[in-house]
Amino acid sequence: MSKVRDLELAPSGKKRIEWAARRMPVLKTIREDYLHDSPLRCIRVAACLHVTTETANLIITLKELGAKVRLCASNPLSTQDDVAAALVKYYGVEVFAMRGESSQEYYENLRACLEFEPHITMDDGGDLTVLAHEEGFWKSIWGGTEETTTGVKRLRQMEWEGVLKYPIIAVNDSRTKYLFDNRYGTGQSTVDGIMRVTNVLFAGKVVVVAGYGWVGRGVAMRSKGLGARVIVTEIDPIKALEALHDGYDVLPMTEAIKRANIVITATGEPDVVRAEHFKVANDGVILANAGHFNVEINLTDLKSMALEIREVRPNVVEYLLKDGRKVYVLCEGRLVNLCGAEGHPAEVMDLSFSNQALAVLYLKENHDRLKPSVYTLPEAIDESVAERKLTTMGIRIDEPSERQLRRTWKEGT
Ligand code: ADE
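Would you mind showing me how to read the sheet that holds strand β14 (residues 326–330) here?
As a general point, the strands of a sheet are linked pairwise by backbone hydrogen bonds and lie either parallel or antiparallel. A sheet is described by the order of its strands in space; here eight strands give the open sequence β9-β8-β7-β10-β11-β14-β13-β12, paired in mixed fashion. The sheet terminates laterally at β9 (249–250) and β12 (306–313), the two strands that pair on one side only. As defined by bridge partners, strand β7 (residues 206–210) adjoins strand β8 (residues 229–233) across five bridges and the pair is classed as parallel. Counted as the bridge partner of Ala210 is Thr233 from β8. Sitting on the sheet, helix α9 (residues 214–225) touches β7, β8 and β10 (262–265), and the angle it makes with β7 is about 170 degrees.

See the structure below:
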(Lines give C-alpha, C1' and ligand atoms only; values in the text may rest on other atoms or scores of the structure.)
Protein backbone atom coordinates (compact mmCIF):
# COMPACT_ATOMS: atom_id res chain seq x y z
CA MET A 1 0.00 0.00 0.00
CA SER A 2 1.43 3.39 -1.05
CA LYS A 3 0.33 6.83 -2.24
CA VAL A 4 2.71 8.50 -4.69
CA ARG A 5 2.23 10.82 -7.67
CA ASP A 6 3.26 8.58 -10.59
CA LEU A 7 5.14 5.25 -10.63
CA GLU A 8 6.35 6.01 -14.18
CA LEU A 9 8.75 8.54 -12.62
CA ALA A 10 10.60 5.71 -10.83
CA PRO A 11 13.53 5.24 -13.29
CA SER A 12 14.57 8.90 -12.96
CA GLY A 13 14.28 8.66 -9.15
CA LYS A 14 16.48 5.55 -9.07
CA LYS A 15 19.28 7.23 -11.05
CA ARG A 16 19.20 10.23 -8.73
CA ILE A 17 19.18 8.04 -5.59
CA GLU A 18 22.28 6.26 -6.92
CA TRP A 19 23.97 9.63 -7.63
CA ALA A 20 23.42 10.65 -3.99
CA ALA A 21 24.57 7.22 -2.72
CA ARG A 22 28.08 7.81 -4.10
CA ARG A 23 28.27 10.92 -1.90
CA MET A 24 27.12 9.18 1.29
CA PRO A 25 30.08 6.92 2.11
CA VAL A 26 29.62 6.99 5.90
CA LEU A 27 26.11 5.60 5.60
CA LYS A 28 27.58 2.90 3.37
CA THR A 29 30.16 1.91 6.01
CA ILE A 30 27.38 1.62 8.60
CA ARG A 31 25.39 -0.58 6.23
CA GLU A 32 28.41 -2.79 5.64
CA ASP A 33 29.33 -3.02 9.33
CA TYR A 34 25.88 -4.08 10.52
CA LEU A 35 24.46 -5.90 7.51
CA HIS A 36 25.48 -9.44 8.46
CA ASP A 37 23.20 -9.84 11.48
CA SER A 38 20.14 -7.83 10.33
CA PRO A 39 19.93 -5.93 13.64
CA LEU A 40 16.61 -4.30 12.68
CA ARG A 41 14.87 -7.55 11.68
CA CYS A 42 11.12 -7.33 12.45
CA ILE A 43 11.42 -3.67 13.58
CA ARG A 44 8.82 -1.31 12.13
CA VAL A 45 9.96 2.27 11.51
CA ALA A 46 7.60 5.14 10.63
CA ALA A 47 9.61 7.95 9.06
CA CYS A 48 8.38 11.51 8.42
CA LEU A 49 11.19 13.20 6.48
CA HIS A 50 11.65 15.31 3.37
CA VAL A 51 11.36 12.77 0.56
CA THR A 52 14.67 13.39 -1.23
CA THR A 53 17.43 11.27 -2.73
CA GLU A 54 19.34 11.47 0.55
CA THR A 55 16.36 10.33 2.60
CA ALA A 56 15.93 7.46 0.14
CA ASN A 57 19.45 6.27 0.96
CA LEU A 58 18.71 6.35 4.69
CA ILE A 59 15.50 4.38 4.20
CA ILE A 60 17.26 1.84 1.98
CA THR A 61 19.93 1.43 4.70
CA LEU A 62 17.27 0.74 7.35
CA LYS A 63 15.63 -1.81 5.05
CA GLU A 64 18.94 -3.53 4.39
CA LEU A 65 19.47 -3.81 8.14
CA GLY A 66 16.15 -5.65 8.31
CA ALA A 67 13.57 -2.94 9.18
CA LYS A 68 10.13 -2.55 7.66
CA VAL A 69 9.67 1.12 6.81
CA ARG A 70 6.79 3.44 6.00
CA LEU A 71 7.69 6.94 4.82
CA CYS A 72 5.68 10.17 4.63
CA ALA A 73 6.73 13.75 3.91
CA SER A 74 7.64 16.29 6.60
CA ASN A 75 6.57 19.17 4.35
CA PRO A 76 3.78 19.27 1.72
CA LEU A 77 6.03 20.95 -0.88
CA SER A 78 9.38 19.18 -0.51
CA THR A 79 8.63 15.72 -1.92
CA GLN A 80 10.62 14.66 -4.98
CA ASP A 81 7.94 12.60 -6.72
CA ASP A 82 10.43 10.55 -8.74
CA VAL A 83 12.22 9.50 -5.54
CA ALA A 84 8.93 8.52 -3.90
CA ALA A 85 8.06 6.41 -6.96
CA ALA A 86 11.49 4.72 -7.04
CA LEU A 87 11.32 3.79 -3.36
CA VAL A 88 8.01 2.03 -3.99
CA LYS A 89 8.92 0.38 -7.29
CA TYR A 90 12.54 -0.69 -6.78
CA TYR A 91 13.12 -0.79 -3.04
CA GLY A 92 9.83 -2.12 -1.63
CA VAL A 93 9.19 0.82 0.71
CA GLU A 94 5.63 1.95 1.51
CA VAL A 95 5.55 5.68 0.74
CA PHE A 96 2.73 8.16 1.41
CA ALA A 97 3.86 11.46 -0.09
CA MET A 98 3.14 13.73 -3.05
CA ARG A 99 4.56 17.15 -3.80
CA GLY A 100 1.76 19.71 -3.39
CA GLU A 101 -0.41 17.55 -1.11
CA SER A 102 -3.06 19.48 0.84
CA SER A 103 -2.84 19.96 4.58
CA GLN A 104 -5.53 17.28 5.01
CA GLU A 105 -3.61 14.80 2.80
CA TYR A 106 -0.41 15.64 4.69
CA TYR A 107 -1.98 14.53 7.99
CA GLU A 108 -3.67 11.49 6.39
CA ASN A 109 -0.21 10.39 5.21
CA LEU A 110 1.29 10.82 8.67
CA ARG A 111 -1.60 8.80 10.07
CA ALA A 112 -1.03 6.03 7.50
CA CYS A 113 2.54 5.69 8.82
CA LEU A 114 1.33 5.50 12.43
CA GLU A 115 -1.39 2.95 11.63
CA PHE A 116 1.51 0.61 10.83
CA GLU A 117 2.08 0.36 14.63
CA PRO A 118 5.73 1.34 14.48
CA HIS A 119 8.30 0.49 17.14
CA ILE A 120 10.30 3.58 16.21
CA THR A 121 9.32 6.99 14.80
CA MET A 122 11.77 9.09 12.83
CA ASP A 123 10.66 12.70 12.56
CA ASP A 124 11.70 16.04 11.06
CA GLY A 125 9.87 18.92 12.74
CA GLY A 126 7.84 17.00 15.34
CA ASP A 127 4.50 16.61 13.51
CA LEU A 128 4.59 12.79 13.46
CA THR A 129 5.55 12.54 17.13
CA VAL A 130 2.90 15.05 18.18
CA LEU A 131 0.23 13.21 16.16
CA ALA A 132 1.30 9.88 17.72
CA HIS A 133 0.67 11.48 21.12
CA GLU A 134 -2.59 13.23 20.18
CA GLU A 135 -4.19 10.19 18.59
CA GLY A 136 -2.96 7.49 20.98
CA PHE A 137 -0.54 5.76 18.59
CA TRP A 138 2.31 6.05 21.13
CA LYS A 139 1.41 2.78 22.87
CA SER A 140 3.33 0.57 20.42
CA ILE A 141 6.30 2.94 20.18
CA TRP A 142 9.65 2.22 21.93
CA GLY A 143 11.29 5.49 20.98
CA GLY A 144 11.79 8.09 18.31
CA THR A 145 14.38 10.28 16.65
CA GLU A 146 14.12 13.96 15.75
CA GLU A 147 16.11 15.58 12.96
CA THR A 148 15.70 19.30 13.37
CA THR A 149 16.03 22.23 15.80
CA THR A 150 12.33 23.13 15.63
CA GLY A 151 11.26 19.55 16.34
CA VAL A 152 13.65 19.19 19.27
CA LYS A 153 12.28 22.44 20.76
CA ARG A 154 8.70 21.14 20.52
CA LEU A 155 9.59 17.77 22.04
CA ARG A 156 11.61 19.31 24.90
CA GLN A 157 8.55 21.43 25.65
CA MET A 158 6.43 18.23 25.80
CA GLU A 159 9.01 16.66 28.12
CA TRP A 160 8.92 19.76 30.33
CA GLU A 161 5.09 19.64 30.46
CA GLY A 162 5.29 15.96 31.44
CA VAL A 163 3.29 14.74 28.42
CA LEU A 164 6.04 13.01 26.44
CA LYS A 165 5.27 9.28 26.34
CA TYR A 166 8.43 7.75 24.86
CA PRO A 167 12.17 8.55 24.63
CA ILE A 168 13.43 10.74 21.82
CA ILE A 169 16.95 10.90 20.44
CA ALA A 170 17.59 14.50 19.39
CA VAL A 171 19.72 13.72 16.34
CA ASN A 172 19.85 17.48 15.68
CA ASP A 173 21.94 17.93 18.82
CA SER A 174 24.83 15.72 17.70
CA ARG A 175 27.76 17.96 16.81
CA THR A 176 28.22 16.02 13.58
CA LYS A 177 24.67 17.08 12.72
CA TYR A 178 24.12 20.72 13.63
CA LEU A 179 27.64 22.01 12.97
CA PHE A 180 27.51 20.70 9.41
CA ASP A 181 23.90 20.22 8.23
CA ASN A 182 22.47 23.36 9.84
CA ARG A 183 25.42 25.57 8.93
CA TYR A 184 27.02 24.34 5.70
CA GLY A 185 24.01 22.37 4.41
CA THR A 186 21.39 25.07 4.91
CA GLY A 187 23.90 27.79 4.05
CA GLN A 188 24.48 26.35 0.59
CA SER A 189 21.02 24.96 -0.15
CA THR A 190 19.16 28.14 0.86
CA VAL A 191 21.25 30.27 -1.46
CA ASP A 192 20.85 27.53 -4.11
CA GLY A 193 17.04 27.63 -3.68
CA ILE A 194 16.88 31.41 -4.06
CA MET A 195 19.14 31.34 -7.11
CA ARG A 196 17.23 28.53 -8.84
CA VAL A 197 13.85 30.16 -8.22
CA THR A 198 14.78 33.76 -9.10
CA ASN A 199 18.09 33.62 -11.01
CA VAL A 200 19.16 36.85 -9.24
CA LEU A 201 22.79 37.80 -8.66
CA PHE A 202 23.86 37.90 -5.00
CA ALA A 203 26.92 40.07 -5.64
CA GLY A 204 26.20 43.67 -4.68
CA LYS A 205 22.84 42.89 -3.08
CA VAL A 206 21.84 43.71 0.49
CA VAL A 207 20.84 40.41 2.10
CA VAL A 208 19.10 40.52 5.47
CA VAL A 209 19.43 37.31 7.49
CA ALA A 210 16.92 37.05 10.34
CA GLY A 211 18.28 34.83 13.11
CA TYR A 212 21.92 34.03 13.86
CA GLY A 213 21.70 30.42 14.99
CA TRP A 214 23.65 27.77 13.07
CA VAL A 215 21.38 28.13 10.03
CA GLY A 216 21.57 31.93 10.01
CA ARG A 217 25.36 31.77 10.31
CA GLY A 218 25.61 29.47 7.31
CA VAL A 219 23.27 31.60 5.21
CA ALA A 220 25.09 34.83 6.16
CA MET A 221 28.50 33.27 5.43
CA ARG A 222 27.52 31.96 2.00
CA SER A 223 25.71 35.19 1.03
CA LYS A 224 28.79 37.19 1.97
CA GLY A 225 30.96 34.76 0.02
CA LEU A 226 28.91 35.53 -3.08
CA GLY A 227 29.51 39.26 -2.66
CA ALA A 228 26.36 40.34 -0.86
CA ARG A 229 26.37 42.95 1.90
CA VAL A 230 24.82 41.13 4.87
CA ILE A 231 22.71 42.58 7.68
CA VAL A 232 21.68 40.33 10.59
CA THR A 233 18.57 40.80 12.75
CA GLU A 234 18.26 39.07 16.13
CA ILE A 235 16.25 39.08 19.36
CA ASP A 236 19.05 37.39 21.35
CA PRO A 237 21.68 39.95 22.46
CA ILE A 238 24.52 37.39 22.58
CA LYS A 239 23.86 36.14 19.06
CA ALA A 240 23.55 39.75 17.86
CA LEU A 241 26.96 40.48 19.40
CA GLU A 242 28.45 37.41 17.72
CA ALA A 243 27.09 38.52 14.34
CA LEU A 244 28.66 41.93 14.87
CA HIS A 245 32.02 40.34 15.73
CA ASP A 246 31.76 38.14 12.63
CA GLY A 247 31.71 41.37 10.64
CA TYR A 248 28.01 41.83 9.84
CA ASP A 249 25.81 44.87 10.38
CA VAL A 250 23.09 44.30 12.97
CA LEU A 251 19.80 46.21 12.81
CA PRO A 252 16.15 45.84 13.84
CA MET A 253 14.01 44.41 11.02
CA THR A 254 12.11 47.71 10.51
CA GLU A 255 15.43 49.37 9.59
CA ALA A 256 16.99 46.41 7.80
CA ILE A 257 14.06 45.78 5.44
CA LYS A 258 14.18 49.37 4.15
CA ARG A 259 17.61 48.55 2.66
CA ALA A 260 17.06 44.88 1.78
CA ASN A 261 17.05 43.33 -1.67
CA ILE A 262 16.63 39.85 -0.18
CA VAL A 263 15.38 38.85 3.28
CA ILE A 264 16.01 35.29 4.49
CA THR A 265 14.29 34.17 7.70
CA ALA A 266 16.01 31.52 9.82
CA THR A 267 14.67 31.99 13.34
CA GLY A 268 12.14 29.21 14.00
CA GLU A 269 9.77 31.94 15.27
CA PRO A 270 6.48 33.25 13.80
CA ASP A 271 5.87 36.74 12.35
CA VAL A 272 9.50 37.68 11.84
CA VAL A 273 8.38 39.73 8.81
CA ARG A 274 4.91 41.22 9.37
CA ALA A 275 2.68 44.24 8.56
CA GLU A 276 4.91 46.86 10.20
CA HIS A 277 7.81 45.61 8.05
CA PHE A 278 5.84 45.35 4.78
CA LYS A 279 4.80 49.01 5.30
CA VAL A 280 8.42 50.16 4.95
CA ALA A 281 9.97 47.38 2.80
CA ASN A 282 12.30 48.28 -0.04
CA ASP A 283 10.53 48.11 -3.42
CA GLY A 284 11.18 44.74 -5.11
CA VAL A 285 12.37 42.97 -1.96
CA ILE A 286 12.53 39.18 -2.23
CA LEU A 287 11.40 37.23 0.87
CA ALA A 288 12.52 33.65 1.46
CA ASN A 289 12.29 31.36 4.47
CA ALA A 290 14.88 28.83 5.64
CA GLY A 291 13.13 27.86 8.91
CA HIS A 292 11.16 24.63 9.32
CA PHE A 293 7.61 26.06 9.33
CA ASN A 294 5.92 28.52 6.98
CA VAL A 295 5.19 30.95 9.82
CA GLU A 296 8.15 33.33 9.69
CA ILE A 297 6.75 35.55 6.89
CA ASN A 298 3.22 36.61 7.82
CA LEU A 299 1.39 36.07 4.52
CA THR A 300 -2.00 36.90 6.05
CA ASP A 301 -0.73 40.43 6.73
CA LEU A 302 0.82 40.69 3.29
CA LYS A 303 -2.33 39.48 1.51
CA SER A 304 -4.46 41.98 3.42
CA MET A 305 -2.15 44.82 2.30
CA ALA A 306 -1.97 43.80 -1.38
CA LEU A 307 -3.94 45.31 -4.27
CA GLU A 308 -2.96 42.51 -6.62
CA ILE A 309 -1.31 39.09 -6.20
CA ARG A 310 0.09 37.08 -9.11
CA GLU A 311 2.59 34.34 -9.80
CA VAL A 312 5.39 35.85 -11.91
CA ARG A 313 7.64 32.73 -12.14
CA PRO A 314 7.24 29.24 -10.75
CA ASN A 315 7.51 29.55 -6.96
CA VAL A 316 7.60 33.38 -7.05
CA VAL A 317 4.49 35.38 -6.08
CA GLU A 318 4.36 39.16 -6.52
CA TYR A 319 2.36 41.29 -4.06
CA LEU A 320 1.53 44.78 -5.37
CA LEU A 321 1.06 47.18 -2.46
CA LYS A 322 -1.19 50.26 -2.48
CA ASP A 323 1.69 52.72 -2.92
CA GLY A 324 3.01 50.82 -5.95
CA ARG A 325 5.84 48.95 -4.18
CA LYS A 326 6.19 45.26 -4.94
CA VAL A 327 7.19 42.43 -2.60
CA TYR A 328 8.12 38.95 -3.88
CA VAL A 329 7.60 35.80 -1.79
CA LEU A 330 9.35 32.55 -2.70
CA CYS A 331 7.81 29.08 -2.28
CA GLU A 332 4.78 30.32 -0.29
CA GLY A 333 7.13 31.11 2.60
CA ARG A 334 8.02 27.43 2.99
CA LEU A 335 11.57 26.09 3.24
CA VAL A 336 13.17 27.61 0.14
CA ASN A 337 16.02 25.09 0.02
CA LEU A 338 13.70 22.08 -0.22
CA CYS A 339 10.77 23.63 -2.10
CA GLY A 340 12.86 25.66 -4.58
CA ALA A 341 15.88 23.34 -4.84
CA GLU A 342 16.80 19.80 -3.72
CA GLY A 343 17.63 20.38 -0.04
CA HIS A 344 21.09 19.92 1.40
CA PRO A 345 23.72 18.16 -0.68
CA ALA A 346 24.27 14.44 -0.05
CA GLU A 347 27.75 14.96 1.44
CA VAL A 348 26.29 16.75 4.47
CA MET A 349 23.18 14.56 4.76
CA ASP A 350 25.65 11.66 4.98
CA LEU A 351 26.55 12.95 8.46
CA SER A 352 22.98 13.70 9.56
CA PHE A 353 21.56 10.42 8.32
CA SER A 354 24.44 8.35 9.69
CA ASN A 355 23.45 9.80 13.06
CA GLN A 356 19.83 8.83 12.30
CA ALA A 357 20.76 5.23 11.41
CA LEU A 358 22.95 4.91 14.53
CA ALA A 359 20.17 6.45 16.65
CA VAL A 360 17.72 3.77 15.46
CA LEU A 361 20.26 1.04 16.31
CA TYR A 362 20.85 2.70 19.70
CA LEU A 363 17.10 2.85 20.44
CA LYS A 364 16.70 -0.77 19.49
CA GLU A 365 19.40 -1.81 21.98
CA ASN A 366 18.60 0.65 24.79
CA HIS A 367 14.91 1.59 24.73
CA ASP A 368 14.16 -0.58 27.80
CA ARG A 369 16.32 1.57 30.03
CA LEU A 370 15.39 4.99 28.61
CA LYS A 371 12.75 7.24 30.19
CA PRO A 372 10.29 9.38 28.17
CA SER A 373 12.84 12.19 27.84
CA VAL A 374 14.81 13.88 25.10
CA TYR A 375 18.36 12.46 24.83
CA THR A 376 21.40 13.25 22.73
CA LEU A 377 23.39 10.42 21.23
CA PRO A 378 26.45 9.43 23.31
CA GLU A 379 29.56 11.46 22.49
CA ALA A 380 31.37 8.31 21.35
CA ILE A 381 28.78 7.75 18.59
CA ASP A 382 28.99 11.40 17.52
CA GLU A 383 32.79 11.17 17.33
CA SER A 384 32.63 7.87 15.45
CA VAL A 385 30.61 9.59 12.70
CA ALA A 386 33.32 12.25 12.32
CA GLU A 387 36.04 9.60 12.34
CA ARG A 388 34.28 7.59 9.65
CA LYS A 389 33.78 10.72 7.53
CA LEU A 390 37.45 11.71 7.80
CA THR A 391 38.51 8.18 6.87
CA THR A 392 36.28 8.17 3.77
CA MET A 393 37.81 11.54 2.81
CA GLY A 394 41.35 10.18 3.24
CA ILE A 395 42.13 12.67 6.03
CA ARG A 396 44.32 11.52 8.95
CA ILE A 397 44.65 13.30 12.31
CA ASP A 398 47.06 13.07 15.26
CA GLU A 399 46.78 10.65 18.18
CA PRO A 400 47.14 12.14 21.69
CA SER A 401 50.58 11.45 23.22
CA GLU A 402 51.06 9.44 26.45
CA ARG A 403 51.50 12.68 28.43
CA GLN A 404 48.43 14.24 26.88
CA LEU A 405 46.41 11.18 27.82
CA ARG A 406 47.74 11.11 31.39
CA ARG A 407 46.82 14.81 31.93
CA THR A 408 49.32 15.01 34.83
CA TRP A 409 51.70 17.56 33.32
CA LYS A 410 52.26 20.95 34.90
CA GLU A 411 53.77 24.29 33.81
CA GLY A 412 57.49 23.79 33.06
CA THR A 413 57.56 19.95 33.31
N1 ADE B 1 16.73 18.53 5.04
C2 ADE B 1 17.49 19.40 4.40
N3 ADE B 1 18.01 18.88 3.27
C4 ADE B 1 17.55 17.62 3.19
C5 ADE B 1 17.74 16.58 2.25
N6 ADE B 1 18.50 16.73 1.17
N7 ADE B 1 17.12 15.43 2.50
C8 ADE B 1 16.34 15.28 3.59
N9 ADE B 1 16.13 16.21 4.50
C10 ADE B 1 16.74 17.39 4.32
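Where do I start with helix α7 (residues 149–161) in this structure?
Residues lying three or four places apart along an α-helix face the same way, a consequence of the helix completing one turn every 3.6 residues. Compared with an ideal rise of 1.5 Å per residue, which puts 13 residues at 18 Å, α7 spans 18 Å between its outermost C-alpha atoms and is within 8% of the ideal. Turning to α7, its buried residues number three or more, namely Thr150, Gly151, Val152, Leu155 and Met158. In the core, the buried residues of α7 are packed alongside α6 (127–134), β5 (143–146), β6 (168–170) and β15 (374–375). The first or second residue beyond α7 is Gly162, which carries a positive phi of 75 degrees.

Is there a simple way to think about the site of the ligand in this case?
Residues in contact with the ligand, as listed here, are His50, Thr52, Glu54, Thr55, Leu338, Glu342, Gly343, His344, Met349 and Phe353. Here a nitrogen atom of the ligand sits 2.7 Å away from a polar atom, N or O, in the side chain of Thr52. Contacts to the ligand include His344, whose backbone N or O atom sits 2.8 Å from a nitrogen atom. Burial of the ligand by the surrounding chains reaches 95%, relative to a free accessible area of 260 Å². At the level of secondary structure, the elements contributing two or more residues to the shell around the ligand comprise α3 (53–64) and α15 (346–366).

Where do I start with the side chain of Thr186 in this structure?
With respect to the helices and strands, the residue Thr186 is situated in helix α8 (residues 175–198). A distance of 3.3 Å separates polar atoms of two side chains, one belonging to Thr186 and the other to His344. Excluding its chain neighbours within four sequence positions, the residues that come into contact with Thr186 are Asp181, Val215, Val219, Ala290, Asn337 and His344.

I'm lost on the environment of Met221 in this one. Help?
Within the fold, Met221 resides in helix α9. Judged by its relative accessible area of 29%, Met221 falls in the partly exposed class. Setting aside chain neighbours within four positions, we find Met221 in contact with Arg183, Tyr184 and Tyr248.

Would you mind showing me how to read the packing of aromatic side chains here?
How two aromatic rings sit relative to each other is set out by the distance from centre to centre and by the angle between their planes. Enumeration according to the criterion identifies four aromatic pairs in this entry. Seen in terms of ring centroids, Tyr212 and Tyr248 are 5.9 Å apart; in terms of plane orientation they differ by 70 degrees. Their pairing is edge-to-face. A residue pair is termed long-range when its members are at least 10 positions apart, and Tyr212 in the loop between β7 and α9 and Tyr248 in the loop between α10 (237–245) and β9 qualify at 36 residues. The class for Tyr212 is buried, based on a relative accessible area of 2%. The exposure class of Tyr248 is buried, given its relative accessible area of 7%. Positioned above the aromatic ring of Tyr90, the side-chain terminus of Lys14 is 5.6 Å from the ring centre.

Any chance you could explain the pairing of strand β13 (residues 316–321) here in plain terms?
Moving residue by residue along a regular strand, the side chains alternate between the two faces of the sheet. Taken across its six residues, β13 has five buried, putting it largely inside the fold. Sheet topology note: the β12/β13 ladder contains six bridges and is antiparallel. Considered in β13, the bridge of Ala306 is made with Leu321. Counted along the chain from β12 to the antiparallel partner β13, the turn is two residues long, and its residue Asn315 has a positive phi close to 70 degrees. Where β13 lies against β14, five bridges are found, and the strand directions are antiparallel. For Val317, the partnering residue across the bridge sits in β14 and is Val329.

Quick question: what am I supposed to make of the sheet that holds strand β3 (residues 94–96) here?
The strand order across the open sheet formed by seven strands is β3-β2-β1-β4-β5-β6-β15, and the pairing between neighbours is parallel. The open sheet has two edge strands, β3 and β15, and neither has a second partner. Bridging between strand β2 (residues 68–73) and β3 involves three bridges; their strand directions are parallel. The partner of Leu71 across the bridge, within β3, is Val95.

Looking at this structure, how should I read the state of the cysteines?
A covalent bond between the sulfur atoms of two cysteines is referred to as a disulfide. Applying the stated criterion across every chain, the model contains zero disulfides. For Cys42, which is in no disulfide, the shortest distance to another cysteine sulfur is to Cys113 and amounts to 19 Å.

Is there a simple way to think about the nonpolar core in this case?
One broad rule of soluble globular proteins: the nonpolar side chains tend to lie buried together. In this structure, Leu40, Val45, Leu62, Leu71, Leu87, Val95 and Met122 are the most contacted members of the largest nonpolar core, which totals 52 residues. Top element by residues in this core is α15. It accounts for 12 residues. Setting aside its immediate chain neighbours within four residues, Leu40 contacts Leu62, Leu65, Gly66, Ala67, Val360, Leu361 and Lys364.

The rules behind each value
Residues numbered from 1 in each chain as written. Predicted model: local features only at pLDDT ≥ 70, side-chain atom pairs only at ≥ 80, totals over all residues. Heavy atoms only, no water. Pairing = 2+ DSSP bridges. Helix = DSSP H or I, 4+ residues; strand = E, 2+ residues; numbered from the N terminus. Contact = heavy atoms within 4.5 Å. Axes fitted to C-alpha atoms, helices over the stretch in contact; angles between N-to-C directions. Expected span 1.5 Å × (residues − 1). Buried < 20%, exposed > 50% of the residue type's maximum accessible area, 1.4 Å probe, protein only. Near = heavy atom within 4 Å. Polar contact = N/O pair within 3.5 Å; in protein donor to acceptor, adjacent residues only side chain to side chain. Areas by Shrake-Rupley, 256 points an atom, 1.4 Å probe, with all protein chains shown as cover. Phe/Tyr/Trp six-rings, centres within 6.5 Å; stacked < 30°, edge-to-face > 60°. Lys NZ or Arg CZ within 6 Å of the ring centre and 35° of its normal. Disulfide = S-S within 2.5 Å. Core = buried A, V, L, I, M, F, W, Y, C linked by side-chain atoms within 4.5 Å.

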